[in-house]
Amino acid sequence: MATVADQKLLEETGEGQLVYQQHKTLSAASSKRDVVFRRKYEEQGNTIFAYAASEANPLMPENKQFARATLILHGIRIEQLNDKLSRVTLVSCLDFGGWIHEKFLEQEVSRVALRLIKIKQQFHA
C-alpha cells in the first residue's frame, strides 16, 4: 500500500520538478500531511543522482486541513558497478510536522526498491 494519496507535478524547469504530495492518514491519532518539494535527476558517467528538498512556493500555498511536512534533504546515488550490480546510497532527513503512524515508515521503506527502478528507467528507457 502506498502512503501517497495524491501527487501533482506543479512545475518542470531546468531547476527540476516541483511536486505536491498529500499523504494518507493511517491512524486517527495522526493528522493528514502534505509536502511541496523540488526534485532533480542527474547522470554523471556511470552514476545517477536524484535529490529533493522542500520549497515554499505560491503554486501550492499551505492548506490548513493538512500539517505541512518539510523535506530537509532526500538524496539517492546509484552507481553502476557492472551490468548486474549497482551500489546505492540513500540519505533522507524529513520533519513530518508531528507524530506519524509506524505503518507510514514501514511502507516508505518497502517502496525504496520501486523508486530505484523508476529512477534507472528514466535514464535507460
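Residues numbered from 1 in each chain as written. Predicted model: local features only at pLDDT ≥ 70, side-chain atom pairs only at ≥ 80, totals over all residues. Heavy atoms only, no water.

**Structural notes on the pairing of strand E1 (residues 4-13)**
Piece 1. Here E1 pairs with strand E2 (residues 16-23) via eight bridges, running antiparallel. Each residue of the ladder has a partner; that of glutamate 11, found in E2, is leucine 18.
Piece 2. Between E1 and E2, which pair antiparallel in sequence order, lie two residues. (Pairing = 2+ DSSP bridges. Helix = DSSP H or I, 4+ residues; strand = E, 2+ residues; numbered from the N terminus.)

**Regarding the environment of tyrosine 20**
Piece 1. Structurally, the position occupied by tyrosine 20 is in strand E2.
Piece 2. Overall, the relative accessible area of 2% leaves tyrosine 20 in the buried class.
Piece 3. Put simply, tyrosine 20 and phenylalanine 104 are 84 residues apart on the chain and 18 Å apart in space, counted from C-alpha to C-alpha.
Piece 4. Not counting chain neighbours up to four residues away, the residues in contact with tyrosine 20 comprise Asp6, Gln7, Lys8, Leu10, Asp34, Val35, Val36, Met60 and Arg68.
Piece 5. Polar contacts involving the side chain of tyrosine 20 include one to the side chain of aspartate 34, which spans 3.0 Å. (Buried < 20%, exposed > 50% of the residue type's maximum accessible area, 1.4 Å probe, protein only. Contact = heavy atoms within 4.5 Å. Polar contact = N/O pair within 3.5 Å; in protein donor to acceptor, adjacent residues only side chain to side chain.)

**Observations concerning the pattern of salt bridges**
Piece 1. One pass over the structure, following the stated rule, counts five salt bridges.
Piece 2. Between arginine 68 and aspartate 34 there is a salt bridge, with the nearest N and O atoms lying 2.8 Å from each other. A residue pair is termed long-range when its members are at least 10 positions apart, and arginine 68 in strand E5 (residues 67-68) and aspartate 34 in strand E3 (residues 33-44) qualify at 34 residues. Assigned by exposure class, arginine 68 and aspartate 34 land together as buried.
Piece 3. With its nearest N and O atoms 3.1 Å apart, the salt bridge here joins glutamate 79 to arginine 87.
Piece 4. On the accessibility criterion, glutamate 79 (15% relative accessible area) is buried.
Piece 5. Residue class for arginine 87 comes out partly exposed when judged on its relative accessible area of 44%.
Piece 6. In this structure, a network of salt bridges that share partners links the residues Glu11, Arg38 and Glu55. (Salt bridge = Lys/Arg side-chain N within 4 Å of Asp/Glu carboxyl O.)

**Things to note about the side chain of arginine 68**
Piece 1. Among the polar contacts made by the side chain of arginine 68, one reaches the side chain of aspartate 34 at a distance of 2.8 Å.
Piece 2. From its side chain, arginine 68 meets the backbone oxygen of proline 61 in a polar contact 3.4 Å long.
Piece 3. For arginine 68, the residues in contact, after removing those within four places along its chain, are Tyr20, Asp34, Val35, Val36, Met60, Pro61, Glu62 and Asn63.

**Quick notes on the packing of aromatic side chains**
Piece 1. Under the definition given, this model contains zero aromatic pairs.
Piece 2. Above the face of the phenylalanine 66 ring, lysine 32 is positioned so that its terminal group lies 4.9 Å from the ring centre. (Phe/Tyr/Trp six-rings, centres within 6.5 Å; stacked < 30°, edge-to-face > 60°. Lys NZ or Arg CZ within 6 Å of the ring centre and 35° of its normal.)

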